[in-house]
Amino acid sequence: MPQQTPELARRVVVGVDGSECSKSALKWAMTYARLTDATVEAIATWQNPDTYVASYGWTPGIVDTGEIAASVRKNLDAAVADVSGQFDRPVEVLARVVEGHPAEVLLEAAVGAQLLTVGSRGHGAFAGILLGSVSQHCVQHAPCPVVVVPA
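Residues numbered from 1 in each chain as written. Predicted model: local features only at pLDDT ≥ 70, side-chain atom pairs only at ≥ 80, totals over all residues. Heavy atoms only, no water.

### What about the packing of helix α5 (residues 102-109) against helix α7 (residues 134-141)?
Relative orientation and spacing of two packed helices are given, respectively, by the angle between their axes and the distance between those axes.
Argument step 1. One way to put it is that α5 packs onto α7 with a least axis distance of 9 Å and a crossing angle of 35°. Once α5 is placed against α7, the crossing between them reads as right-handed. Contact with α5, carried on its side by Pro102, Ala103, Leu106 and Leu107, involves Val134, His137, Cys138 and His141 of α7 and no other residues of that element.
Argument step 2. Split into classes, the residues belonging to the contact of α5 with α7 amount to six nonpolar, two polar and no charged. (Axes fitted to C-alpha atoms, helices over the stretch in contact; angles between N-to-C directions. Helix = DSSP H or I, 4+ residues; strand = E, 2+ residues; numbered from the N terminus. Left-handed = near helix turned anticlockwise from the far one by under 90°. Contact = heavy atoms within 4.5 Å. Nonpolar A, V, L, I, M, F, W, Y, C, P; charged D, E, K, R; others polar.)

### Quick notes on the pairing of strand β2 (residues 39-46)
Argument step 1. Counting buried residues in β2 gives six out of eight residues, a clear majority hidden from the surface.
Argument step 2. Pairing between strand β1 (residues 11-15) and β2: five bridges, direction parallel. The residue bridging Gly15 from the neighbouring strand is Ile43, located in β2.
Argument step 3. Between the parallel pair β1 and β2, the chain is carried across by helix α2 (residues 20-36), and the sense of this crossover is right-handed. (Buried < 20%, exposed > 50% of the residue type's maximum accessible area, 1.4 Å probe, protein only. Pairing = 2+ DSSP bridges. Right-handed = clockwise from strand over helix to strand, strands pointing away.)

### Some points on the environment of Thr65
Argument step 1. One can find Thr65 in helix α4 (residues 65-84).
Argument step 2. Each C-alpha atom of the pair Thr65 and Gln47 lies 8.8 Å from the other, and the pair is 18 residues apart in sequence.
Argument step 3. Every residue in contact with Thr65, bar those within four places of it in the chain, is listed here: Trp46 and Asn48.

### Comments concerning α4
Argument step 1. Taking 1.5 Å as the rise per residue, α4 with 20 residues should run 28 Å; its terminal C-alpha atoms sit 28 Å apart, in good agreement.
Argument step 2. Within α4 the residues assigned to the buried category are Val72, Leu76, Ala79, Val80, Val83 and Ser84. Taken end-on, α4 shows its buried residues confined to a sector of 125°, consistent with a single buried face. Turned more than 90 degrees away from the buried face of α4, the exposed residues are Glu67, Lys74 and Ala81. (Expected span 1.5 Å × (residues − 1). Arc of directions from axis to C-beta.)

### Considering the packing of aromatic side chains
Argument step 1. Counted by the stated rule, this structure contains one aromatic pair.
Argument step 2. Plain terms: the ring middles of Trp28 and Tyr32 are 5.5 Å apart, the flat faces sit at 10° to each other, and that makes the pair stacked. Of this pair, Trp28 and Tyr32 both sit in helix α2, separated by four residues, roughly a single helical turn.
Argument step 3. For Trp28, a relative accessible area of 34% translates into the label partly exposed.
Argument step 4. Note on Tyr32: relative accessible area 25%, which makes it partly exposed. (Phe/Tyr/Trp six-rings, centres within 6.5 Å; stacked < 30°, edge-to-face > 60°.)

### A word on α2
Argument step 1. For α2, spanning 17 residues, the distance from its first C-alpha to its last is 24 Å, which sits close to the expected 24 Å at 1.5 Å a residue.
Argument step 2. Listing the buried residues of α2 in full gives Cys21, Ser22, Lys23, Ala25, Leu26, Ala29, Met30 and Ala33.
Argument step 3. Phi for Asp37, located one or two positions after α2, is positive at around 55°.

In structure tokens:
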């Protein structure tokens with residue numbers, strides 16, 4: 001595991017996509033951060049839809065990526081506000097929206113962190129093997145401990 005400086009080690013990274021499962025992961029991360037005097041880095045990701053359209057042989061249209069990022073930001077802020085409202089003493093939460101594949105973005109953000117927290121979509125082990133998942137990828141490749149919070 002990479003060396004952790006005290007500032008980075010007191011950081012808990014959590015992936016938030018607005019689902020109830022990711023809100024459970026955020027709540028778990030905030031509870032853990034409060035107990036360990038850490039801050040929470042809540043990360044939401046998005047990908048340019050042109051990537052998918054071109055891969056199917058269609059000609060991409062004009063996509064306002066700023067609008068997509070703003071929508072993701074709005075959902076992230078709402079999830080953080082919703083979960084923070086459940087605490088008497090909420091912890092510090094740094095909310096970030098990053099373009100890219102969720103697993104790759106979370107793994108990069110987790111470098112030097114105390115913990116990476118993600119939600120489980122509840123597909124079960126067999127479906128996870130067939131479909132792959134962000135949580136499975138994070139568990140297998142994370143540079144720090146990972147907690148997968150069930151729904």
